[in-house]
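Residue strings, one per chain:
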Amino acid sequence: MPSTTAITVSQLSRLVGLPDAPVLVDVRIDDDYQADPRLLPASYRRDFKTVSSWAAEFSGSKLVVICQRGQKLSQGVAAWLRHEGIPAESLEGGFEAWAAANAPLVTAGAIPPRDEKGRTVWVTRSRPKVDRIACPWLIRRFVDPDAVFLFVDPAEVPLVADRFAAIPFDIEGVFWSHRGDRCTFDTMIEEFGLRVDALDRLALIVRGADTARLDLVPQAAGFLAASLGLSRMFRDDLEQLEAGMLLYDAFFRWCRDATDETHNWPVGGKAQ
């Protein structure tokens, strides 16, 4: 019988990157992690031995626990979490099964240092349009769900980055920025090692909208229009970011599941 306390690679891969995805917790031992220092998207690293001390921080969330092969460590941690009243499953086959299926993984070494609360902190120019919403969406959905984003005057970005130990992005002369004809969103996908077909499709749309090459893909013009509309609707950049997350969620799902679907007014005049 299928396990009632485990999730398969194919089931979990359909949830990764979505706003209602479960929280992923990697409990591999250090030797296994060092042998392949990649992480499932947006996952947390935790020590299985101290589960009783960190379980409460995930109260109210649904968890999937990952160890090397989906055996004693992940199953034991998931069982302990369930004891604490936290819905938790183990990943069937563990990290090895996920990697063998060529499911998306994040290069851990590319993730910037975290603050004292375990969050990455980023800073960029205020009044975002395309790239400066796209990048936070990518980070929160695939790299760090708790990431902090600071929007400041363009001239202040380097100084704020220095004073607040933040990572500057989407400005000239920094690592996380445009490269050639590609935008910062492209750079982040490449550096984090995210090999996801739907992200590649989305990147074309973002690139076309962000670099005024609306001929790259048909969706770029509409995407730019929606992005500019959002920028006019919100004076607060963080409110705009929260609204923009839904736009990117929708386009990601289209890129993943709906590119072949069309919608036509039905013959006979009966709408469906």
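Not measured: the values here are computed from a predicted model.

Asks: Is there a simple way to explain the environment of Asp 200 in this structure?
Replies: For Asp 200, the location among the structural elements is in helix α9 (residues 197-210). Sequence separation between Asp 200 and Phe 252 is 52 residues; the distance between their C-alpha atoms is 9.9 Å.

Asks: Can you walk me through unusual backbone geometry in this structure?
Replies: Backbone phi values are negative for most residues with the exception of glycine, while trans is the configuration of most peptide bonds. Its identity is not glycine, yet Asn 102 carries a phi of approximately 55 degrees, on the positive side. With respect to the secondary-structure elements, Asn 102 resides in the loop between α5 (94-100) and β7 (106-107). Non-glycine residue Ala 165 carries a positive phi angle of around 50 degrees. Of note, Ala 165 is situated in the loop between α7 (157-163) and β10 (167-168).

Asks: Looking at this structure, how should I read the side chain of Asp 186?
Replies: Relative to the assigned elements, Asp 186 resides in helix α8 (residues 184-191). We classify Asp 186 as buried; its relative accessible area is 6%. Sequence-distant contacts of Asp 186, that is, excluding residues within four places in its chain, are made with Ala 203 and Arg 207.

Asks: What am I meant to see in the UniProt feature "domain: Rhodanese" (unreviewed entry) in the chain here?
Replies: Using the residue numbers shown here, the UniProt feature "domain: Rhodanese" (unreviewed entry) corresponds to residues 18-107. The span residues 18-107 is 32% helical and 21% strand by assignment, and the distance between its end C-alpha atoms comes to 20 Å.

Asks: Help me understand the packing of helix α6 (residues 131-142) against helix α11 (residues 237-258), please; the structure alone is not making it clear to me.
Replies: Packed helix pairs are characterised by how far apart their axes lie and by the angle those axes make with each other. Here α6 crosses α11 at 75 degrees, and the two axes come no closer than 9 Å. Taken together, the axes of α6 and α11 lie roughly perpendicular to each other. Residues Ile 133, Ala 134, Pro 136, Trp 137, Arg 140, Arg 141 and Phe 142 of α6 lie in contact with α11, whose contacting residues are Gln 240, Leu 241, Glu 242, Gly 244, Met 245, Tyr 248, Asp 249 and Phe 252. Of the residues assigned to the contact of α6 with α11, the class counts are 9 nonpolar, 2 polar and 4 charged.

Asks: I keep staring at the pairing of strand β8 (residues 121-125) and nothing clicks. Help me out?
Replies: Consecutive side chains along a regular strand alternate between the two faces of the sheet. Within β8, 4 of the 5 residues are buried, leaving the element largely enclosed by the surrounding structure. Here β8 runs beside strand β9 (residues 148-152); their pairing, made up of 5 bridges, is parallel. Following the sheet pairing, Val 121 is matched in β9 by Val 148. Crossover handedness for the path β8 to α6 to β9: right-handed. Pairing of β8 with β10 involves 2 bridges; the strand directions are parallel. When the sheet's bridge partners are listed, Trp 122 is paired in β10 with Ile 167.

Asks: When you look at the pattern of salt bridges in this model, what are you seeing that I'm missing?
Replies: Any two side chains of opposite charge can pair, on the condition that their charged atoms come close. Inspection of the entire model under this criterion finds 21 salt bridges. A cluster of three or more residues bridged by salt bridges with shared partners is formed by Arg 14, Arg 253, Arg 256 and Asp 257.

Asks: Would you mind going over the packing of aromatic side chains with me for this structure?
Replies: What characterises a pair of aromatic rings is the spacing of the ring centres plus the angle enclosed by the ring planes. Under the defined criterion, the tally for this structure stands at 14 aromatic pairs. Pairing Trp 122 with Phe 169 gives two aromatic rings, centres 6.0 Å apart and planes at 85 degrees, and the pair type is edge-to-face. In this pair, Trp 122 sits in strand β8 while Phe 169 sits in the loop between β10 and α8, placing the two residues 47 residues apart along the sequence. Each ring, one from Phe 149 and one from Phe 169, has its centre 6.2 Å from the other, and the planes form 75 degrees; the classification is edge-to-face. Placement of the pair is Phe 149 in strand β9 and Phe 169 in the loop between β10 and α8, with a sequence separation of 20 residues. For the residue pair Phe 149 and Phe 169, the accessibility class agrees, reading buried in each case. A connected cluster of aromatic rings, assembled from ring pairs, spans Trp 137, Phe 142, Phe 185, Phe 223, Tyr 248, Phe 251 and Phe 252. One Lys or Arg, Arg 45, reaches over the ring of Tyr 33 and ends 4.2 Å from the middle of that ring. Lying across the ring of Phe 175, Arg 179 places its NZ or CZ 4.7 Å from the centre.

Asks: How do you make sense of the sheet that holds β10 when you look at a structure like this?
Replies: Picture the strands of a sheet paired through backbone hydrogen bonds; they go either parallel or antiparallel. Here we have 3 strands laid out as an open sheet, ordered β9-β8-β10, and parallel in their pairing. Where the open sheet ends on each side, the last strands, each with one partner, are β9 and β10. Seen against the sheet, α6 touches β8 and β9 and runs at an angle of roughly 165 degrees to β9.

Asks: Could you clarify how one ought to interpret the sheet that holds strand β6 (residues 88-91) in this entry?
Replies: Taking strand neighbours across the sheet as the criterion, the 5 strands line up as β1-β6-β5-β2-β4 in an open arrangement whose pairing is parallel. Of all the strands in the sheet, the pair left with one neighbour each is β1 (6-7) and β4 (43-45). One ladder, built from 3 bridges, connects strand β2 (residues 23-26) with β4; its direction is parallel. Counterpart to Asp 26 in the pairing with β4 is Arg 45. Docked against the sheet, helix α4 (residues 72-83) engages β5 (63-66) and β6, running at close to 175 degrees with respect to β6.

About the cut-offs
- Residues numbered from 1 in each chain as written.
- Predicted model: local features only at pLDDT ≥ 70, side-chain atom pairs only at ≥ 80, totals over all residues.
- Heavy atoms only, no water.
- Helix = DSSP H or I, 4+ residues; strand = E, 2+ residues; numbered from the N terminus.
- Buried < 20%, exposed > 50% of the residue type's maximum accessible area, 1.4 Å probe, protein only.
- Contact = heavy atoms within 4.5 Å.
- UniProt positions renumbered as here; feature names shortened; annotations may be inferred.
- Axes fitted to C-alpha atoms, helices over the stretch in contact; angles between N-to-C directions.
- Parallel < 35°, antiparallel > 145°, perpendicular 65-115°, else oblique.
- Nonpolar A, V, L, I, M, F, W, Y, C, P; charged D, E, K, R; others polar.
- Pairing = 2+ DSSP bridges.
- Right-handed = clockwise from strand over helix to strand, strands pointing away.
- Salt bridge = Lys/Arg side-chain N within 4 Å of Asp/Glu carboxyl O.
- Phe/Tyr/Trp six-rings, centres within 6.5 Å; stacked < 30°, edge-to-face > 60°.
- Lys NZ or Arg CZ within 6 Å of the ring centre and 35° of its normal.

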